[in-house]
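Residue-level structure breakdown
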Amino acid sequence: MTPSADPPRISTGVDGLDSILNGGLITGRSYLVRGAPGTGKTILGMHFLKEGIDNGESALFVNLEESESDVRSNAASLGIDLSGVEFLDMSPNASVFVEDQSYDILAASDVEKEPFIESITDAVSQYEPDRVFVDPITQLRYLTPDTHHFRKQAIGFMEYLTANGATVMFTSQDTPDNPDDDLQFMSDGSIELDTQEMGAIIDVPKFRGSDTVGGTHSIRITDSGLVVFPELKPLTHSREFPNESIPSGVPEIDELLHGGLERGTVSIISGPTGVGKTTLGTQFIKEAAGRGERSVLYLFEESYSTFRERNESIGIPVSQMEEQGSLHVREMEPLNLSPQEFAQHVRAEVEAHDTKIVMIDGINGYQLAVQGGKDMLIRKLHALGRYLKNMGVIVIFVDEHKNVTGDFTATNSGVSYLADNIVFLQHVEMTGRLQKVIGVLKKRTTQFEHTLRQFEITEHGLKVGGPMTGAQGILSGTPEYTDSSRDSNER
């Protein structure tokens, strides 16, 4: 049996939404846009009509609430030019309502008798629109005697428009007194906009004739209109990459890791505050820059100026790497960022700029963007990490735990199972001084050195000692060791 061809589609005018819809709206059908006031329903309709004009199509805006002048003014403030869009202004201030405020919508056989229906049929006949946006269709409830008549006439209205070759998008106002369940049944698809604790979201629960990208997607209303950030689906992305280890440039660290970090793996660098986690991750970025590879670093917990000054003071040339294009540093504001929007930034870096290392500093700050508990954090990090692994990227998550010394903790965020590699740094007391050690707790792809080494940040960069032997209890913060090991370690 020959599979049926994919039905023709048109863009909604919003790239992210087209991705969710696997290419856009199916032509000649009607789609309901639901949501509370202020969620962006009318803006979406503006994009829909503007996209049609840009593609040489005809477009009709049937405005039942806001006046034409208000709609055009609001669109202009967002940089959306509706100059080519025709309007059928049936807002409360329009003349059609002045002429007769007591009429009912009649059946199709009586359209000639009804000013409202005549206005619609005249507009469709005159403009022959390819796209029609009705905002909001629920205003018609006030022009019908009951719910049954409203549903009957609304269905007839949609069928009339689509029968004349139009693709229709219409909005509703869902209220407890007047729910829009009937409109959901009559439409070929529904697009829902909402505002939740995590921010503005968009969902497509119904779409006849095609699959959609599931999940809760993020939206943002910007100075240029509506922007949609689809949920990241990592299994739909992959590419070929070499199976090789990438060194840090510090021989002792590479010995610990048996060569370095492998492409297409997720690493967690864990440790308490001030121990050198970010510096260690940046060392891998510095070495990648020397090979001509690009890295991106997202700072969730530190300012860019502090990061740059601190690294350049120890010989890591952040400014120079940025000028050469081998490093891009972004200082993030997590409370103004959704996980979907952040994932879109990461995808752009990887797919448009061939970024080889992505470092997130740190997990605690990223969790603020997720605005959920650890289960939500793990799901989002898992999706992001899986996508980057599939693309052959080296992923570095920086995770801070609260224990400066004392009981050892691998990670603070409960995400250790996501990691292919776990490198930890720890403060310890040795011979009356607070020092640092480095070790590897986990490495899935190769063997690793099961010892600890002293770790130091100097003005010349990172300095790592040889394996620490003959001592025990180092990770407790107060090691016990033999005299020979004491002498060796002090040297």
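Keep in mind the model is a prediction, meaning the values are calculated, not measured. (Residues numbered from 1 in each chain as written. Predicted model: local features only at pLDDT ≥ 70, side-chain atom pairs only at ≥ 80, totals over all residues. Heavy atoms only, no water.)

Some thoughts on the pattern of salt bridges
Inspection of the entire model under this criterion finds 22 salt bridges. With its nearest N and O atoms 2.8 Å apart, the salt bridge here joins Arg 220 to Glu 341. Residue Arg 220 is located in strand β10 (residues 217-222), and its partner Glu 341 is located in helix α12 (residues 339-353); the two are separated by 121 residues in the primary sequence. (Salt bridge = Lys/Arg side-chain N within 4 Å of Asp/Glu carboxyl O. Helix = DSSP H or I, 4+ residues; strand = E, 2+ residues; numbered from the N terminus.)

Quick word on the sheet that holds strand β21 (residues 453-458)
The mixed open sheet is built from nine strands, whose spatial order is β16-β15-β17-β18-β14-β19-β20-β21-β22. Looking at strand neighbours, the two that pair on one side only are β16 (327-331) and β22 (461-467), the edges of this open sheet. Averaged over neighbouring strand pairs, the angle between their axes works out to 20° when direction is ignored. Set on the sheet, helix α9 (residues 277-290) makes contact with β14 (266-271), β15 (295-299), β16, β17 (357-361), β18 (394-400), β19 (421-430), β20 (433-443), β21 and β22; between it and β17 the angle comes to about 165°. Its contacts with the sheet place helix α13 (residues 363-370) against β17 and β18, and it is angled at close to 95° to β18. (Pairing = 2+ DSSP bridges. Axes fitted to C-alpha atoms, helices over the stretch in contact; angles between N-to-C directions. Contact = heavy atoms within 4.5 Å.)

Here we look at the confidence of the model for the protein chain
Overall, the predicted model of the protein chain reaches an average pLDDT of 85, with 84% of residues at or above 70. Taken as a whole, residues 96-113 scores under 50 in pLDDT and shows 29 contacts with residues more than four places along the chain or in a different chain. This model gives residues 487-491 a pLDDT under 50, and the stretch forms four contacts once residues within four places in sequence are excluded. (pLDDT = per-residue confidence, 0-100.)

Some points on helix α6 (residues 147-163)
For α6, spanning 17 residues, the distance from its first C-alpha to its last is 24 Å, which sits close to the expected 24 Å at 1.5 Å a residue. Those residues of α6 lying buried are Phe 150, Gln 153, Ala 154, Phe 157, Met 158 and Leu 161. End-on, the buried residues of α6 take up no more than an arc of 140°, which puts them together on one face. More than 90 degrees from the buried face of α6, the exposed residues found are His 148, Lys 152, Glu 159 and Ala 163. A positive phi of about 90° marks Gly 165, the residue just after α6. (Expected span 1.5 Å × (residues − 1). Buried < 20%, exposed > 50% of the residue type's maximum accessible area, 1.4 Å probe, protein only. Arc of directions from axis to C-beta.)

Brief notes about the packing of aromatic side chains
Enumeration according to the criterion identifies seven aromatic pairs in this entry. Pairing Phe 61 with Phe 87 gives two aromatic rings, centres 4.8 Å apart and planes at 10°, and the pair type is stacked. Placement of the pair is Phe 61 in strand β4 (residues 59-63) and Phe 87 in strand β5 (residues 86-89), with a sequence separation of 26 residues. Of the two residues, Phe 61 and Phe 87, neither departs from the other in class, the shared state being buried. (Phe/Tyr/Trp six-rings, centres within 6.5 Å; stacked < 30°, edge-to-face > 60°.)

Points about unusual backbone geometry
In this structure, Pro 136 follows Asp 135 across a cis peptide bond, with omega equal to -15°. Structurally, Pro 136 can be placed in the loop between β6 (131-135) and α6. Backbone torsion omega between Asp 361 and Gly 362 reads 5°, so that peptide bond is classified as cis. Its place among the elements puts Gly 362 in the loop between β17 and α13. Despite not being glycine, Asn 22 has its phi angle at roughly 55°, a positive value. With respect to the element layout, Asn 22 can be found in the loop between α1 (15-20) and β2 (25-26). Positive phi, close to 55°, is recorded for His 258, a residue that is not glycine.

Thoughts on the nonpolar core
Ranked by internal contacts, the top residues of the largest apolar core, which has 35 residues, are Ile 253, Leu 280, Leu 297, Ile 396 and Ile 438. The next biggest cluster of nonpolar side chains, apart from the first, holds 33 residues, and it includes Leu 17, Leu 21, Leu 49 and Leu 193. (Core = buried A, V, L, I, M, F, W, Y, C linked by side-chain atoms within 4.5 Å.)

Focus on the sheet that holds strand β7 (residues 167-171)
Within the open sheet, the nine strands sit side by side as β5-β4-β6-β7-β3-β8-β9-β10-β11. Their pairing is mixed. The sheet terminates laterally at β5 and β11 (225-229), the two strands that pair on one side only. Sheet twist, expressed as the mean angle between neighbouring strand axes with direction ignored, is 20°. In the packing of helix α3 (residues 68-77) onto the sheet, the strands contacted are β4 and β5, and the crossing angle to β5 comes to about 140°. Relative to β7, α6 is tilted by about 150°, and along the sheet it contacts β3 (30-34), β6 and β7.

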